[in-house]
Amino acid sequence: MKIFLDTAILDEIKTAASWGILDGVTTNPTLAARAGRSFKENILAISEIIGDRGTVSAETVSTDVEGMVEEARLVTSWAPNIVAKIPCTPNGLAATRRLAEEGVRVNMTLVFNATQGLLAMKAGAFYVSPFIGRIDDAGQDGMEVVRQLVEIKHLYGFQTEVLAASIRHPMHVVQAALAGADIATMPFKVLTQIVKHPLTDVGLQRFLDDWRSIPEDMRPF
Ligand code: G3P
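Residues numbered from 1 in each chain as written. Predicted model: local features only at pLDDT ≥ 70, side-chain atom pairs only at ≥ 80, totals over all residues. Heavy atoms only, no water.

A.B. asks: Is there a simple way to explain unusual backbone geometry in this structure?
C.D. replies: The general pattern is negative phi for most residues beyond glycine and trans for most peptide bonds. In the Ramachandran plot, leucine 110 falls in the positive-phi region, its phi being about 55° despite a non-glycine side chain. Within the element layout of this structure, leucine 110 appears in strand β5 (residues 106-111). The class of leucine 110 is partly exposed, set by a relative accessible area of 31%. If you check the backbone angles, serine 166 has positive phi at about 55° while not being a glycine. Relative to the helices and strands, serine 166 is located in the loop between β7 (161-164) and α9 (170-179). (Helix = DSSP H or I, 4+ residues; strand = E, 2+ residues; numbered from the N terminus. Buried < 20%, exposed > 50% of the residue type's maximum accessible area, 1.4 Å probe, protein only.)

If you want it as structure tokens, here you go:
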């Protein structure tokens, strides 16, 4: 499963990239607003950090087909690893179909059930993003939508990658992996949580202490 960061904060992306496990970044208008700099400048800076290792999703904000298509063409023209994020509405589906035919990659976002996800796949979306946490917030099982979309993808041979989004905690990451999601995108806080374990820290400290108890002339470093 690929690991994406769901953020527009460069320091977070640089840190995760330095760990060698980052495959891409997703952003949305809320995250872009927190970045506090020009949208294009910020997306380009993220795109440069990600380079060949994956994609960067930049969201359109028009709600009509023409506007979505134009904005998607624009953001994806900035760098080869940029994917246009488009909401799952009737106009979003129409725009995605047109863009897919032109070879523009679309991340279909704001997907809340399997039927929306199926339509995103049929429209030719490159990624489909079910919003796990927000589905859970509404009292339903977000991960069930991921499981259903993974099954539908394989049953019908869709090429669309299932991108588990709106991930809120480490168990969401585990469940997305077990459900067969192609990608999980998560806030930096969750990525940090899944890296760390208190027993790793305790165990490491003990190993280091024991190592230092070996006389210096008996160890190579
Ligand atoms: O990737 C979608 C994500 O940005 C939404 O997350 O936590 O606002 O539901 P959240």
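A.B. asks: What is the right way to read the layout of surface pockets from this model?
C.D. replies: To find leftover empty space, a probe the size of one water molecule is rolled over the atoms. Reported here for the largest pocket is a volume of approximately 390 Å³. What lines the largest pocket is a set of 25 residues, and nearest its centre among them are Asp6, Asn28, Leu31, Arg34 and Arg134. Looking at the lining of the largest pocket, the elements with two or more residues in it are α2 (29-35), β8 (183-186) and α10 (188-195). For the lining of the largest pocket, the element with the most residues is α2, which contributes three residues. Of the residues belonging to the lining of the largest pocket, the class tally is eleven nonpolar, eight polar and six charged. (1 Å grid on protein atoms, 1.4 Å probe; cavity = no way out; pocket = protein on both sides within 12 Å on 5 of 7 lines; lining within 4 Å. Points joined across faces, edges and corners; volume = space filled by probe spheres on them. Nonpolar A, V, L, I, M, F, W, Y, C, P; charged D, E, K, R; others polar.)

A.B. asks: How should I be thinking about the packing of helix α8 (residues 142-156) against α9 in this particular structure?
C.D. replies: In a pair of packed helices, the angle between the axes and the distance between the axes together describe the arrangement. Their axes nearest at 9 Å, the elements α8 and α9 cross at an angle of 20°. Considering their axes alone, α8 and α9 lie roughly parallel with respect to each other. At the point where α8 passes α9, the crossing takes the right-handed sense. Contact residues: α8 offers Met143, Val146, Arg147 and Val150, while α9 offers His172, Gln175, Ala176 and Ala179. Partitioned by chemical class, the residues of the contact of α8 with α9 number five nonpolar, two polar and one charged. (Axes fitted to C-alpha atoms, helices over the stretch in contact; angles between N-to-C directions. Parallel < 35°, antiparallel > 145°, perpendicular 65-115°, else oblique. Left-handed = near helix turned anticlockwise from the far one by under 90°. Contact = heavy atoms within 4.5 Å.)

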